[in-house]
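Per-entry structural report
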Amino acid sequence: MAIIRASQLLIAPTAHGGSKMPREEDLVSLVVEEEFQKCENSALCFPVPVPHPVILEIGCGSGAIALSLLCKLPQSRVIAMDKEEAAVDLTRENAYRLQLQERIHIIHQDVSHSSAKQLLLWGPIDAIVSNPPYVFHEDMASLDAEILCYEDLDALDGGDDGMRVIKTILALAPSLLKVSGSVFLEVDPRHPDMVEHWLQTHPELLLTLRAIHKDFCGKPRFLHIQKQSS
């Protein structure tokens with residue numbers, strides 16, 4: 001099935017009455033490619049097994065990423081969480097509209113207050129995906145006027161270094177992921193080096209930056225981070 005388009009979803013309203021959609025195609029494609037690659041690498045017989053991952057999306061918004069993954073990976077299950085009740089309700093409504101409600105568990109929770117026990121209801125996670133707040137706080141005032149008027153600024157502001165939520169996700173990830181499980185993040189183009197350095201200073205997390213992917217403008221925008229064996 002194709003990526004779910006905006007026309008198929010009710011879109012999450014922002015704090016100022018507008019609406020937004022993430023660059024979901026890039027993140028979805030990275031997750032799907034990784035899951036099929038893992039199946040191909042582990043296949044001992046023909047045909048190649050179909051991936052059936054458990055995926056966690058942090059900050060689900062309207063559910064575009066989570067629901068696209070359910071369509072692209074028909075044997076997958078997704079846990080989708082968001083700290084905003086409106087986003088959780090919208091993701092749930094969109095899941096029902098697309099008849100995907102049986103394969104998604106939706107949680108109204110801030111990742112900073114989450115525990116592994118809450119998120120492991122289907123066992124260890126194969127992949128975590130997130131388009132978190134990553135704008136440097138000092139850059140917020142210089143965002144385009146359209147963004148300042150229509151976007152939920154709390155969903156953009158990543159703190160002084162743009163990594164407030166990114167660090168929270170990465171600190172939680174090892175307790176959730178299977179060995180060789182992955183984290184896929186959309187970030188600011190300045191973040192790849194910063195994230196790599198941060199991971200190197202936290203070797204206890206057993207996470208390594210495996211790949212950096214560019215967006216359509218050629219900027220390093222997407223990170224693939226992988227859990228290593230202890």
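Parameters at a glance
- Residues numbered from 1 in each chain as written.
- Predicted model: local features only at pLDDT ≥ 70, side-chain atom pairs only at ≥ 80, totals over all residues.
- Heavy atoms only, no water.
- Pairing = 2+ DSSP bridges.
- Helix = DSSP H or I, 4+ residues; strand = E, 2+ residues; numbered from the N terminus.
- Right-handed = clockwise from strand over helix to strand, strands pointing away.
- Contact = heavy atoms within 4.5 Å.
- Core = buried A, V, L, I, M, F, W, Y, C linked by side-chain atoms within 4.5 Å.
- Buried < 20%, exposed > 50% of the residue type's maximum accessible area, 1.4 Å probe, protein only.
- Salt bridge = Lys/Arg side-chain N within 4 Å of Asp/Glu carboxyl O.

**A few points about the pairing of strand S3 (residues 104-108)**
Note: strand S2 (residues 77-82) against S3, five bridges, orientation parallel. Pairing of Ala 80 across the sheet is with Ile 106, part of S3. For the segment spanning S2, helix H3 (residues 85-97) and S3, crossover handedness is right-handed.

**Regarding the environment of Gln 109**
Note on placement: Gln 109 falls in the loop between S3 and helix H4 (116-119). Considered as a pair, Gln 109 and Lys 83 are 26 residues apart in the sequence and their alpha carbons are 4.7 Å apart. Ignoring any residue separated from it by four or fewer positions in sequence, one finds Gln 109 in contact with Met 81, Asp 82, Lys 83, Ser 114 and Gln 118.

**Details of the nonpolar core**
Judged by nonpolar contacts, the single largest core of 32 residues is most densely connected at Leu 56, Ile 128, Leu 170, Val 183 and Ile 225. For this core, the leading source of residues is helix H6 (residues 164-172), giving five residues. Leu 170 has contacts with Val 183, Leu 185, Val 195, Trp 198, Leu 199, Leu 205, Leu 207 and Ile 225, leaving out every residue within four places of it along the chain. Listed in part, the 25 residues of the second largest apolar core include Val 28, Val 31, Leu 70 and Phe 184.

**Side note on the side chain of Asp 188**
As for its position among the elements, Asp 188 is in the loop between strand S5 (177-186) and helix H7 (191-200). With near-sequence residues (within four places) excluded, Asp 188 lies in contact with Tyr 134, Phe 136, Pro 220 and Arg 221.

**Details of unusual backbone geometry**
Its identity as a non-glycine residue notwithstanding, Gln 99 has a phi of 60°, on the positive side. Locating Gln 99 in the fold gives a position in the loop between H3 and S3. With phi around 60°, Leu 206 is a residue other than glycine that occupies positive phi space. Within the secondary structure, Leu 206 sits in the loop between H7 and strand S6 (207-214). Overall, the relative accessible area of 30% leaves Leu 206 in the partly exposed class.

**Focus: the pattern of salt bridges**
Opposite charge on two side chains permits pairing when their charged atoms draw close. Under the counting rule described, the total for this entry stands at seven salt bridges. Asp 89 is the salt-bridge partner of Arg 92, the closest N and O atoms lying 3.5 Å from each other. With Arg 92 and Asp 89 both in helix H3 and three residues apart, this pair spans about one turn of that helix. Under the relative-accessibility criterion, Arg 92 is labelled partly exposed at 34%. Residue classification places Asp 89 among the partly exposed residues on the basis of a relative accessible area of 40%. We note a salt bridge from Asp 188 to Arg 190, for which the minimum N-O separation is 2.9 Å. Using a relative accessible area of 40% as the deciding quantity, one classes Arg 190 as partly exposed.

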